[in-house]
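Commentary on secondary and tertiary structure
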Amino acid sequence: MLEKYFLSKDSHFTESVDQGTNTWINYPNPVSSGLFAAIAEISPGKGHDFHCHPGREELIVVMKGTIEQWIGETCKVLTEGDAVMIPEGLPHASFNTCTIPATLFVSLTHPELELPLAEDLSTQVPWNTLRSTDSC
């Protein structure tokens, strides 16, 4: 039965988060044992502050808008069509510095729920001061 591979929008799970919304396309889904996938909207002036994903790799694709993307202590402005691949455990952050919402496609590996989805680093040195002393 191949119909199980089609993920209807009715099966998506949307959650409100501080920076906007996450619409989980595959969270988790027994069809794919190795992948989380979501559409993340980051509101103007908001961001997903410094964090990491222990045991998980992440792919972020900018679908709409512009974001200030941090990977470790390096920052780059990403626009529509740009993408970034983040190795497991590497600190990173995404901020919307524009006046319109930014829409991202986000995919994370290893959807085992025993692993934390993310570990907040925003209150730890150097992540808690990095953005205020250096920006893209």
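Everything below is about the structure printed above this text.
I will try to describe carefully the structure that is included in this document. Since the structure is predicted, the reported quantities are computational estimates derived from the model, not experimental observations.

Okay, the sheet that holds strand E5 (residues 58-64) next. In spatial order, the strands read E1-E2-E3-E10-E5-E8; together these 6 strands make up an open sheet with antiparallel pairing. Of all the strands in the sheet, just strand E1 (13-17) and strand E8 (83-86) have a single pairing partner and so form its edges. Direction aside, neighbouring strands of the sheet carry axes that sit 20° apart on average. In this structure, E5 lies alongside strand E10 (residues 102-109), joined through 6 bridges in antiparallel fashion. Bridge pairing links Leu-59 to Ser-107 in E10.

So, on to the pairing of strand E2 (residues 20-26). On any regular strand, side chains alternate: one points to one face of the sheet, the next to the other face. Judged by how many residues are buried, E2 sits mostly within the fold: 5 of 7 residues are covered. In this structure, the hairpin formed by E1 and E2 is closed by a connection of 2 residues. Judged from the 6 bridges that link them, E2 and strand E3 (residues 35-42) form a sheet pairing that is antiparallel. Paired with Asn-22 across the bridge in E3 is Ala-40.

Here we come to unusual backbone geometry. At the junction of Val-125 and Pro-126, the peptide bond is cis and its omega measures out at 0° in the coordinates. With respect to the element layout, Pro-126 can be found in the loop between strand E11 (119-120) and helix H1 (127-133).

The next thing to look at is the sheet that holds strand E7 (residues 74-79). Sheet strands associate in pairs through backbone hydrogen bonding, adopting either a parallel or an antiparallel arrangement. Spatially, the 5 strands line up as an open sheet ordered E7-E6-E9-E4-E11, and their pairing is antiparallel. Two strands bound the open sheet, and with one partner strand each, they are E7 and E11. Alignment of strand E4 (residues 47-52) against strand E9 (residues 92-95), held across 3 bridges, turns out to be antiparallel. Residue pairing for E9: His-48 is matched across the bridge by Ser-94.

Thresholds, definitions, all that
Residues numbered from 1 in each chain as written. Predicted model: local features only at pLDDT ≥ 70, side-chain atom pairs only at ≥ 80, totals over all residues. Heavy atoms only, no water. Pairing = 2+ DSSP bridges. Helix = DSSP H or I, 4+ residues; strand = E, 2+ residues; numbered from the N terminus. Axes fitted to C-alpha atoms, helices over the stretch in contact; angles between N-to-C directions. Buried < 20%, exposed > 50% of the residue type's maximum accessible area, 1.4 Å probe, protein only.

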